[in-house]
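Geometric and topological summary
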Protein chains: 2
Amino acid sequence: MTYCVGMKLDRGIVFMADTRTNAGVDNVSAFRKLFSWEVPGERTLTVMTAGNLATSQSVVSILDESIRAGADTPSVFKAPSMFRVAQLVGRTLRDTISASAVPGAAPGVKDDGDSVSRFQASMIIGGQIREESPGLFMIYPEGNFVEAAEDTPFFQLGETKYGKPILSRAYKPDLSFEDAVKLLIVSFDSTIKSNLSVGMPLDLQIHVADTLRLGHSLRFDERNEYFRTISRGWSDAIELAFDSLPDFEFP
Amino acid sequence: MTYCVGMKLDRGIVFMADTRTNAGVDNVSAFRKLFSWEVPGERTLTVMTAGNLATSQSVVSILDESIRAGADTPSVFKAPSMFRVAQLVGRTLRDTISASAVPGAAPGVKDDGDSVSRFQASMIIGGQIREESPGLFMIYPEGNFVEAAEDTPFFQLGETKYGKPILSRAYKPDLSFEDAVKLLIVSFDSTIKSNLSVGMPLDLQIHVADTLRLGHSLRFDERNEYFRTISRGWSDAIELAFDSLPDFEFP
């Protein structure tokens, strides 16, 4: 599993991803799932991935290679709009998944016994191209995608449920980047505490709107002082919040 | 979907269940999922169900019928221990599921495309029999079961993830029944806010340890003043809790 959140704010976009990958509980590794590119002054782009690691890495490598390839190769650096970038990434993702499928092979089986394509992956991409406003997209394994808008200002990938209630309650479009990071840390902490397959370290990438340069890029590991403070502090704050609610009385 | 929680406390057991059932988003009804029986002074029993409604109702009817049947029919009123009660309920559940299966029929398909037996159901049962301490069990569709103990003092059925972080953080074995109800209301409110397939009204059943009589039995609907206070108050309390955490600063 995985947990990634891309969050659109008035001030720009914030991306956070965990780094745990596992093939069974005894085969756990850390791999980066957040990748960024920039053409300073012209465009910024961040991609986060969930799902089959071979598929995700392959898609990222193809995107990366196409950037350095000749003028004839379509690439996320040449796409004229964020919509076209999303289309290109979606197509690359779909092609990679179908190229991996072995004809006649049985589908994979998830931990809970349900079946799923072994090569499935989803992505969140976001960024900005000069003369456009920032865009944030959720890309499905089929290659199609949806864009974040006012009513759905953030996307989650992977193990999304544990960390969602706090996002829904505390998100506001005018959050500062500092408050957005705090909110994401709380959401990731709740998820990590509840699901073994989501784990530290966490990667953070900020896109400040209209700068057309990548903003802060940070990694939080287990020893990170701020993460530890929030993780401990949130448990205490929740207990206080709970105590502050009026008590129930049996009728 | 469904959301049910059975929670073991030092003082007894608390059960809460929603009442929404749906077969598609345009076929939504309210059905009771929490059922209780008692032999005053001798035993108390509460069952909560999740999964196929025909299976659940059938199991409950069979249990109910066997109670009123002659002395030769095994029933939850005659089982000599909570372990035997769990075994009987598990066997009834398994038999009901396999009796419904049509030979050669394709399995059902969940909303997310995964396959599952159309007739699957799970249950939480709990109660107390004279000369035993209270027992709480989670019963699987296969008929086997696990018992709640110190390390796992509560069981959830159905849409469990949204409401779990608050349970994990605020549960303590020495909670009063009033605080346990408050905690469950918060957990159910988070789940109802996040998932359409879990809905009001909510049924509550209390078992006070060693009384061997059913305790308070209540139903909370949308107009319930306490539920509304908590639902509104929790959003505000969470925002305050969030604000109380130290702010992040970029290095």
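Residues numbered from 1 in each chain as written. Chains lettered and ligands numbered in written order. Predicted model: local features only at pLDDT ≥ 70, side-chain atom pairs only at ≥ 80, totals over all residues. Heavy atoms only, no water.

Looking at empty space enclosed by the protein
A water-sized probe rolled over the atoms picks out the places where empty space is left. A complete count under the given rule lists three cavities of 30 Å³ or more for this structure. Of the voids in this model, the largest cavity is the one considered here, and its volume is about 180 Å³. Put simply, the parts of the chain that give the lining of the largest cavity at least two residues each are helix H3 (164-170) and helix H5 (225-244) of chain A together with helix H3 (164-170) and helix H5 (225-244) of chain B. (1 Å grid on protein atoms, 1.4 Å probe; cavity = no way out; pocket = protein on both sides within 12 Å on 5 of 7 lines; lining within 4 Å. Points joined across faces, edges and corners; volume = space filled by probe spheres on them. Helix = DSSP H or I, 4+ residues; strand = E, 2+ residues; numbered from the N terminus.)

Examining the pairing of strand S13 (residues 202-208) of chain A
All names here are of chain A. Counting buried positions along S13 yields six of seven residues, so the element is predominantly enclosed. In the sheet, S13 pairs with strand S14 (residues 214-220) via five bridges, with the strands oriented antiparallel. Following the sheet pairing, Gln 205 is matched in S14 by Ser 217. Counting the residues in the hairpin turn of S13 and S14 gives five residues, including Asp 210, whose phi is positive at 70°. (Buried < 20%, exposed > 50% of the residue type's maximum accessible area, 1.4 Å probe, protein only. Pairing = 2+ DSSP bridges.)

Focus: the nonpolar core
If you look at the biggest cluster of nonpolar residues, it comprises 74 residues, and the most contacted ones within it are Met7(A), Leu183(A), Trp234(A), Met7(B), Leu183(B) and Trp234(B). Discounting chain neighbours no more than four positions away, the residues touching Leu183(B) are Phe242(A), Met7(B), Ile166(B), Leu167(B), Ala170(B), Tyr171(B) and Leu175(B). (Core = buried A, V, L, I, M, F, W, Y, C linked by side-chain atoms within 4.5 Å. Contact = heavy atoms within 4.5 Å.)

Examining the interface of chain B and chain A
At the junction of the two partners, chain B supplies 49 residues and chain A supplies 49 residues. For the pair chain B and chain A, the summed buried area comes to about 4,300 Å², and 69% of that belongs to carbon and sulfur atoms. Area buried by chain B at its contact with chain A is led by Arg169(B), Phe242(B) and Phe248(B), which between them contribute 21% of it. In this structure, the connection of chain B to chain A is made through eight salt bridges. (Buried area = accessible area lost by both parts, 1.4 Å probe. Salt bridge = Lys/Arg side-chain N within 4 Å of Asp/Glu carboxyl O.)

Here's the deal with the packing of aromatic side chains
For the structure on display, the rule yields 14 aromatic pairs over all chains. Between the aromatic rings of Phe220(A) and Phe248(B), the centroid separation amounts to 5.8 Å while the plane-to-plane angle is 50°, which identifies the pairing as tilted. Here Phe248(B) lies in the segment after H5 and Phe220(A) lies in strand S14, a pairing that spans two chains. The same class applies to Phe220(A) as to Phe248(B), namely buried. A connected cluster of aromatic rings, assembled from ring pairs, spans Phe220(A), Tyr226(A), Phe248(B) and Phe250(B). Its guanidinium or amino end placed over the ring of Phe242(A), Lys182(B) lies 4.9 Å from that ring's centre, counting from NZ or CZ. (Phe/Tyr/Trp six-rings, centres within 6.5 Å; stacked < 30°, edge-to-face > 60°. Lys NZ or Arg CZ within 6 Å of the ring centre and 35° of its normal.)

Brief notes about the pattern of salt bridges
Two side chains bearing opposite charge may form a pair once their charged atoms approach each other closely. As enumerated under the stated definition, the model contains 24 salt bridges over all chains in all. Look at the salt bridges and you will find they share partners, linking Arg32(A), Asp203(A) and Arg219(A) into a network.

Some points on the relation of the copies chain B and chain A
With an RMSD of 0.0 Å, chain B superimposes on chain A once it is rotated by 180° and translated 0.0 Å along the axis. Expressed as an axis order, the relation between the two copies is that of a two-fold axis. Taken as a fraction of all interface residues of chain B, those also at the interface in chain A reach 100%, which identifies the copy contact as same-surface. (Least-squares fit on C-alpha atoms with pLDDT ≥ 70 in both.)

As for the sheet that holds strand S2 (residues 12-17) of chain A
Residues and elements named next belong to chain A. Across the sheet, five strands lie side by side as S12-S1-S2-S13-S14; this open sheet has antiparallel pairing. Two strands lie at the open edges of the sheet, namely strand S12 (154-158) and S14, each paired on one side alone. Between one strand axis and the next, the sheet turns through 10° on average, direction left out of account. (Axes fitted to C-alpha atoms, helices over the stretch in contact; angles between N-to-C directions.)

Some points on the sheet that holds strand S12 (residues 154-158) of chain B
Residues and elements named next belong to chain B. Here we have five strands laid out as an open sheet, ordered S12-S1-S2-S13-S14, and antiparallel in their pairing. The sheet terminates laterally at S12 and strand S14 (214-220), the two strands that pair on one side only. The sheet shows a mean angle of 10° between the axes of neighbouring strands, direction not considered. Packing of helix H4 (residues 177-194) onto the sheet brings it into contact with strand S1 (3-9), strand S2 (12-17), strand S13 (202-208) and S14, and relative to S1 it is tilted by some 155°.

These values are about where atoms sit, not about what they do.
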